[in-house]
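Notes for the structure review
Take a look at the letters that make up each chain.
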Amino acid sequence: YQRVQNGKAELFNVELLDEDGRSVQDVVFGQPVFLRMSVSFQEAMPEAGVGYAIRNANGVDLIYGDSRLDQGIVKDVQAGDRYVFCWRFSAGLQAGSYSIACAVSRLFEDTGYERCDFVPCAAQFVVSAPGIVMGGSVHWPGALDIRKV
């Protein structure tokens, strides 16, 4: 990967996977997918986490997530430790090409962080959406309740 890093941690594998654990580059709208990020730590740190951004073909961040927001902070990391972080999604994106930027960071209690490794293009994929017409870039699923009153 092309990256910016300080040598304290490294993203050594980033993959977009289907439900059978196979790497995918072609995704259909609504398909369940997994973003798996494998990290090795070269230095001990009290807390660490990872984050990602899904970008459109113009490089605009459409979706962001991180392990702090998803209560996935790793504590008491030791040099030599390896972790795998895995998110499950439904591919709710408009038809088009996308890339995934990833980072691993040392976290601080005050919500600050020290970025240890940043990979601006860790994975790429294409979404097809046959028969789907969207008025935006991302479908954000919600719980819909309809009642006749």
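Note that this is a predicted model, so its numbers are computed, not measured.

Basis of the calculations
Residues numbered from 1 in each chain as written. Predicted model: local features only at pLDDT ≥ 70, side-chain atom pairs only at ≥ 80, totals over all residues. Heavy atoms only, no water. Buried < 20%, exposed > 50% of the residue type's maximum accessible area, 1.4 Å probe, protein only. Helix = DSSP H or I, 4+ residues; strand = E, 2+ residues; numbered from the N terminus. Pairing = 2+ DSSP bridges. Core = buried A, V, L, I, M, F, W, Y, C linked by side-chain atoms within 4.5 Å. Contact = heavy atoms within 4.5 Å. 1 Å grid on protein atoms, 1.4 Å probe; cavity = no way out; pocket = protein on both sides within 12 Å on 5 of 7 lines; lining within 4 Å. Points joined across faces, edges and corners; volume = space filled by probe spheres on them. Nonpolar A, V, L, I, M, F, W, Y, C, P; charged D, E, K, R; others polar. Polar contact = N/O pair within 3.5 Å; in protein donor to acceptor, adjacent residues only side chain to side chain.

**Notes on the pairing of strand β4 (residues 32–41)**
Taking burial as the measure, the 10 residues of β4 include eight buried ones, the bulk of the element. Pairing of strand β2 (residues 9–17) with β4, which is carried by eight bridges, proceeds in the antiparallel orientation. Among the inter-strand pairings, V14 is bridged to a residue of β4, identified as M37. With nine bridges connecting them, β4 and strand β8 (residues 82–90) associate as antiparallel partners.

**A closer look at the nonpolar core**
Among the nonpolar cores identified, the biggest contains 32 residues, and I100 and F125 are the most heavily contacted of them. The residues touching I100, leaving out its near neighbours within four places in the chain, are L16, L35, Y52, A53, I54, V119, P120, C121, A122, A123 and F125.

**Thoughts on the layout of surface pockets**
If you add up the space inside the largest pocket, you get close to 450 Å³. Lining of the largest pocket is provided by 23 residues; of these, I63, F89, S90, G92 and V138 occupy positions nearest its centre. The set of elements that each furnish at least two residues to the lining of the largest pocket consists of β5 (45–56), β6 (61–66) and β8. Among the elements that line the lining of the largest pocket, the one with the most residues is β6, at four residues. Residue lining of the second largest pocket: 21 residues in total, with G51, Y64, D66, S105 and R115 positioned closest to the centre. Mapped by element, the contributors of at least two residues to the lining of the second largest pocket are β5, β6, β9 (96–107) and β10 (113–128). Tallied by class, the residues present in the lining of the second largest pocket amount to 11 nonpolar, five polar and five charged.

**Topic: the environment of N6**
Structurally, N6 is set in the loop between β1 (4–5) and β2. In this structure the C-alpha to C-alpha distance between N6 and F85, which are 79 residues apart in sequence, comes to 20 Å. When near neighbours in sequence (up to four residues on either side) are disregarded, N6 contacts E114, R115 and C116. Within polar-contact distance, the side chain of N6 engages the backbone oxygen of R115 at 3.4 Å.

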